[in-house]
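Chain and residue survey
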Amino acid sequence: MHICPRCESNRSEVVTRSPVKGAWEVLLCPVCMFTWRTSEPDSITDPAKYKSAFKVNPQDIPNATHVPPIPERVQRRS
Amino acid sequence: MAYKDFRDFLHTLEKEGQLLTISDEVKPEPDLAAANRALNNLGDKTPALFFNNIYGYNAARIAMNVMGSWPNHALMMGMPKNTPLKEQFFEFARRYEQFPMPVKREETAPFHEVEITEDINLFDILPLFRLNQGDGGFYLDKAILVSRDLDDPDTYGKQNVGLYRMQVKGKNRLGIQPVPQHDIAIHIRQAEERGENLKVAIALGCEPVITTAASTPLLYDQSEYEMAGAIQGEPYRVVKAKDADLDLPWGAEVILEGEVLAGEREYEGPFGEFTGHYSGGRAMPVIQINRVYHRKQPIFEHLYIGMPWTETDYMIGVNTSVPLFQQLKDAFPNEIIAVNAMYTHGLVAIISTKTRYGGFAKAVGMRALTTPHGLGYCKLVIVVDEDVDPFNLPQVMWALSTKLHPKHDAVIVPGLSILPLDPGSDPAGMTHKMILDATTPIAPDIRGHYSQPLDSPLGVAEWEKKLSHMLR
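First, a word on what this report is: a plain description of the structure on this page.

Calculation criteria
Residues numbered from 1 in each chain as written. Chains lettered and ligands numbered in written order. Predicted model: local features only at pLDDT ≥ 70, side-chain atom pairs only at ≥ 80, totals over all residues. Heavy atoms only, no water. 1 Å grid on protein atoms, 1.4 Å probe; cavity = no way out; pocket = protein on both sides within 12 Å on 5 of 7 lines; lining within 4 Å. Points joined across faces, edges and corners; volume = space filled by probe spheres on them. Helix = DSSP H or I, 4+ residues; strand = E, 2+ residues; numbered from the N terminus. Nonpolar A, V, L, I, M, F, W, Y, C, P; charged D, E, K, R; others polar. Salt bridge = Lys/Arg side-chain N within 4 Å of Asp/Glu carboxyl O. Buried < 20%, exposed > 50% of the residue type's maximum accessible area, 1.4 Å probe, protein only. Expected span 1.5 Å × (residues − 1). Contact = heavy atoms within 4.5 Å. Buried area = accessible area lost by both parts, 1.4 Å probe. Polar contact = N/O pair within 3.5 Å; in protein donor to acceptor, adjacent residues only side chain to side chain. Axes fitted to C-alpha atoms, helices over the stretch in contact; angles between N-to-C directions. Parallel < 35°, antiparallel > 145°, perpendicular 65-115°, else oblique. Left-handed = near helix turned anticlockwise from the far one by under 90°.

Let's shift gears to the layout of surface pockets. All names here are of chain B. Estimated volume of the largest pocket: approximately 770 Å³. Lining the largest pocket are 36 residues, and of these Leu163, Tyr164, His182, His345 and Tyr377 sit closest to its centre. For the lining of the largest pocket, the secondary structure elements donating two or more residues are β8 (160-163), α9 (311-315) and α12 (372-376). Looking at side-chain class alone, the lining of the largest pocket contains 20 nonpolar, 11 polar and 5 charged residues.

Here the focus is the pattern of salt bridges. All names here are of chain B. Inspection of every chain in the model, using the stated rule, returns 40 salt bridges over all chains. With its nearest N and O atoms 3.8 Å apart, the salt bridge here joins Glu106 to Lys104. A salt bridge links Glu115 to Arg291; the nearest nitrogen and oxygen atoms lie 2.3 Å apart. Here Arg291 lies in strand β17 (residues 286-294) and Glu115 lies in strand β5 (residues 114-116), a separation of 176 residues in the sequence. A relative accessible area of 16% places Arg291 in the buried class. Taken together, the shared-partner salt bridges connect Lys4, Asp5, Arg7, Glu253 and Arg295 into one network.

Here the focus is helix α6 (residues 183-194) of chain B. Residue and element names in this part refer to chain B. End to end, α6 covers 18 Å across 12 residues, agreeing with the expected 16 Å (1.5 Å per residue, within 8%). Inspection of α6 places Asp183, Ile184, Ala185, His187, Ile188, Gln190, Ala191, Glu192, Glu193 and Arg194 among the buried residues, and these make up the whole buried set. Looking at the buried side of α6, the elements it contacts are β7 (144-147), β8, β10 (173-176), β11 (198-204), α8 (224-232) and β14 (254-260). Of the residues one or two after α6, Gly195 is the one with positive phi, at around 75°.

We now examine the interface of chain A and chain B. Residue-level contacts link 38 residues of chain A with 44 residues of chain B. With both chains or domains summed, chain A and chain B bury close to 3,400 Å², and 58% of this area falls on carbon and sulfur atoms. Ranking the residues of chain A by area buried against chain B places Met33, Val67 and Arg76 of chain A at the top, with a combined share of 18%. Across the chain A-chain B interface, the total number found is 2 salt bridges. When the shortest N-O distance is used, the salt bridge between Glu40 of chain A and Arg130 of chain B registers 2.8 Å. Taken together, chain A and chain B are joined by 17 residue pairs in polar contact (both at pLDDT 80 or more). For the side of chain A that touches chain B, the secondary structure elements donating two or more residues are β1 (13-17), β2 (25-28), β3 (35-37) and α1 (42-45) of chain A. Sorting elements by how many residues they give to the side of chain A that touches chain B places β3 of chain A first, with 3 residues. Among the residues forming the side of chain A that touches chain B, the class breakdown is 24 nonpolar, 7 polar and 7 charged.

To continue, consider the packing of helix α10 (residues 318-331) of chain B against helix α11 (residues 360-369) of chain B. All names here are of chain B. Viewed as axis vectors pointing N to C, α10 and α11 meet at an angle of 125°, and their least axial separation amounts to 10 Å. Here α10 lies oblique to α11, going by the angle between them. Judged by the sense of rotation from one axis to the other, the crossing of α10 with α11 is right-handed. Judged by residue contacts, Leu324, Gln327, Leu328 and Ala331 of α10 engage Val364, Arg367 and Ala368 from α11. Among the residues forming the contact of α10 with α11, the class breakdown is 5 nonpolar, 1 polar and 1 charged.

Structural data, given as structure tokens:
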């Protein structure tokens, strides 16, 4: 488990490792869906250095606007 | 002039000196995006980039900026690479009128070489990477997506081929942004109203003519494949998908087949967009991938997008201008000369027209606002006379500075639709729009002192010919 640099949840998991052994891993946060590579600059990988304007509060995620809205089911004549 | 496949086009670029291979090791981030951004800053004749030594990968190959300049756009159309932009516009318009060109069907394609249906992991299969620092993840942003109209599946033109940004959000999971003005939003709504998943297919690494057709604002029932055939001057080759009744581009490097999950929304974004701003994060539909096939050692094509101009602007410049040109000509066949809607995907459009009587140019501007593309773009429409080249911005600025009287010629129409990505729209998707009439007033609109326009000295045409010959 890893800390997500963006929403700071601790549920991130490795989704792939570099084909050349030991170069990097790619991690994915299942809370805010942020993805990053461990070889990226620390402004991306370090929760303390991640730009504040792009931080995501996990509590806001369920309230995110639906684009497009989910339409009502429509009964169609067969 | 058709290119056999994506690799055939890359070979042409290489032969024409329009492909730069970077063999030094680069990091996936930030080098790939940074190199491409830097290239876009270096002018409008730049080559494509081909990276073959990427840190952490054994054999990944990535092509970028494939259509990111006017020479590369000319080569896409099979024209000499130094063809002037205005000539590319009129040639594109001529071929546009050859629509529709029926497709050519094939049974197999090179991408059938490798097939994966178990334990799909897109992060393993594709060399994915981040573009801009605030992006929420790794994106497919030059892939075409194919889907079918569920109410009228037999009308070929209603099968849609479009370019939509897709965030890779899991091993077999993508997020997609369906802007309401685009056709995919109609297909998703049809499926969700039924409570059904929408079958889709995604093609990466395509020859540029289908990417161009997919990013052209065609009418809803016009087929992108039949337009690709018209633009390349011979039938476009397609092959059937395996899990759905969808046509795929024969020359693609990689195919993903899957379905948009009905009623599901998941956090997506932000993503640095063509507006030069990030899009913000919103809950968007999700695509589950069930099948992947690709050529051996596939070439991954990607596109840097951000503050204009980038590859996007070359890719959707001429082919956005031409449909507006054709639709305005339908209304005013004897007047419309040319249309330049190349700025930020047509948020600004410049129309050159003859005028029949006072007020005519403003009517041309209002018609532009009501074209299908104008409904989502065309926030500022500038109308100029027939002798002003809309692709020559100094001439357009001359027209604005000398012909326009703000009291008479600036028209604001309130409360119109715009694509929600316009960062100035408020609320997102709504805006006022403006027409600037920079044409010369004619009767009965009698105002200003325009009776003595400057002409050229006698013999200029002969001297142009003579000097251009001497300069060769």
